[in-house]
Amino acid sequence: MKADLIVGIQWGDEGKGKIVDMLAQKYDMVCRSQGGHNAGHTIWVDGVRYALHLIPSGVLNPKAINIIGNGVVLSPESIIKEMEQFDSLEGKLFISDKAHLNLPYHALIDQAKEKLKGDKAIGTTGKGIGPAYSDKINRVGFRAGELLDSEKLCNSILEFFAQNRAIFDVLEISTPGREELLGLLVEYKEKLAPFIANTTNMVWDALDSGKKILLEGAQGTLLDIDHGTYPFVTSSSTVSAGACTGLGLNPKDIGKVTGIVKAYCTRVGNGPFPSEDFGEDGKRLGEQGHEFGTTTGRARRCGWFDAVACRYSSRLNGCDELSLMKLDVLDGFDEIKVCVAYEIDGEEIEYMPSDLESVKPVYRSFKGWEKTEGARSWEELPKEAREYIRAIETLTSTKVGMISTSPDRNDTILL
Ligand code: GDP
Ligand code: IMO
Ligand code: MG
């Protein structure tokens, strides 16, 4: 068997949670491979809203096993809180013993460093993601498996505090003493020990025994540490290749790749966004799309669909198809724009340059439509909406396989 993959195509918040939840009903295992609780995946089922940050969006399928892979940075505090939304997840959720810990001091470092950057700040979620991944790469991080021996881990962390005292002092971060730290680690162990496992073997066993696996990406391709709009990115590999290292899979284990993309575009935090609309249209997209972050509550910046960026992302990830999300948010617009090229130094280009900072969008206009909200079949869509979708397929060289017309699991068109 091969594992199918869901990946964000833009700057995150494309609606991955809805699609993973919908597809998860047909999968035996759902796995997260990167990111941390900077992710916010919203799922609506029967009018109830679930906000997931670390727990994979397969959790609402009573039969699926959920895996948090080695590539994730795990905040024990955040996941313990998140688990409280559900009945016991024992036997349903497993955390890789190799996943790095995102501890409270990581968030404090993240916030302190953002503050120091002033107007050059990245606009991170402040959740400690960058510092936790930095420690991993620096080989001074701690892993989930170490939670099983609280005393030993406590000593190691205290040693790390001592070695880095000067840095903590400069950033004006106070670190916990032995008693406080040990208390915290013992609590983490009590709550999380039953979930810590060798997930690499579990995923291999599942594949080898013919189980169906779905890999759930977090963030989006344009936030990728290598291929995104650096430095305004997150600190993990958000592209499909990252799912391999983040779970212990090899490239041959990956099956169908589906890119999740909004019918327009949003971004939270700072950094270039060529098709951002600063006028009434951008405001209206934000209002109709309820574009406020699931994790931080920040207003998302809004603009038009960027076909150049989407084609780039689709190629990077090897997308077999796209799921076009939030089509209904475009309902009622007279004119809908799509960025089809970039202008840079007076020249038009149709590829993604390494630096998006100075590009200007070149738009093509499409005629709007009245209503797609709640549509469940291709035939129900207005002619103009169908033309818009066909144009996106041509411009991005990728087929659209699913269309989403509301937050509800059922309001989805399969093509
Ligand atoms: P994720 O991070 O990619 O999982 O996306 P988020 O959950 O952060 O943001 C997507 C938001 O759009 C959520 O509030 C979803 O409930 C909502 N949503 C998903 N699909 C649709 C859709 O087709 N139409 C509308 N109106 N909302 C949608
Ligand atoms: P989901 O999975 C949207 C953004 C932050 C910031 C940058 C770096 O819900 O799509 P970080 O805290 O990761 O160091 O912040 O990345 N960001 C997201 N934007 N959706 C997300 O996740 C994001 N996770 C991080 O806003 O610009
Ligand atoms: Mg989100």
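Refer to the structure presented above.
> Break down the packing of aromatic side chains for me, citing the residues and quoting the values.
Scanning all chains against the criterion turns up eleven aromatic pairs. When the ring of Y105 is compared with that of F160, the centres are 5.7 Å apart and the planes differ by 35 degrees; the resulting orientation is tilted. Residue Y105 is located in helix α3 (residues 104–117), and its partner F160 is located in helix α5 (residues 150–163); the two are separated by 55 residues in the primary sequence. Its relative accessible area of 5% is what places Y105 among the buried residues. With relative accessibility at 8%, the residue F160 sits in the buried group.

> Give me the lowdown on the site of ligand 1, citing residues and values where you can.
Taken together, 20 residues lie near ligand 1, and K16, G40, T42, D328 and S404 sit nearest. Between ligand 1 and the protein, one listed contact pairs an oxygen atom with a backbone N or O atom of E14 at 3.1 Å. Here an oxygen atom of ligand 1 sits 2.7 Å away from a polar atom, N or O, in the side chain of T42. Notes on ligand 1: free accessible area 590 Å², of which the protein chains cover 92%. In this structure, ligand 1 is accommodated by the second largest pocket. Elements with a minimum of two residues in the shell around ligand 1: α1 (16–24) and β3 (41–45). Grouping the amino acids of the shell around ligand 1 by side-chain chemistry returns four nonpolar, nine polar and seven charged.

What counts as what
- Residue indices follow the written sequence of each chain, beginning from 1 at its first position.
- Whichever chain is written first is A, and whichever ligand is written first is 1; the rest continue in order.
- Confidence filtering applies because this is a predicted model: local features only for residues at pLDDT of at least 70, side-chain atom pairs given and counted only at 80 or more, and all residues used for totals across whole chains, interfaces and linings.
- Hydrogens and water molecules were not included; the side-chain quantities draw on all heavy atoms of the structure.
- When the centres of two rings from Phe, Tyr and Trp lie within 6.5 Å, Trp using its six-membered ring, the rings pair. Their planes under 30 degrees apart give stacked, over 60 give edge-to-face, and anything left gives tilted.
- Here a strand is any run of E in DSSP of at least two residues, a helix any run of H or I of at least four, and the numbering for each starts at the N terminus.
- For each residue, the accessible area found with a 1.4 Å probe, counting protein chains only, is set against the maximum for its type, and the residue is called buried under 20%, exposed over 50%, and partly exposed in between.
- Consider each residue's heavy atoms; a residue with any of them within 4 Å of a molecule or strand counts as near.
- Counted as a polar contact is a pair of N or O atoms within 3.5 Å, where, for protein atoms, one must be capable of donating a hydrogen and the other of accepting one, and residues adjacent in sequence contribute only when both atoms are in side chains.
- For accessible areas, the Shrake-Rupley method is used with a probe of radius 1.4 Å. Any residue's cover is judged against the shown protein chains and nothing else.
- Buriedness of a pocket was judged along seven lines, with at least five required to meet protein on both sides within 12 Å; pockets are open sets of points on a 1 Å grid over the protein atoms alone, cavities are sets where a 1.4 Å probe fits but cannot get out, and lining residues have an atom within 4 Å of a point.
- The rule for placing a molecule in a cavity or pocket is simple: more than half of its atoms must lie within 2 Å of the grid points.
- Residues are sorted three ways: Asp, Glu, Lys and Arg are charged, Ala, Val, Leu, Ile, Met, Phe, Trp, Tyr, Cys and Pro are nonpolar, and all the rest, Gly among them, are polar.

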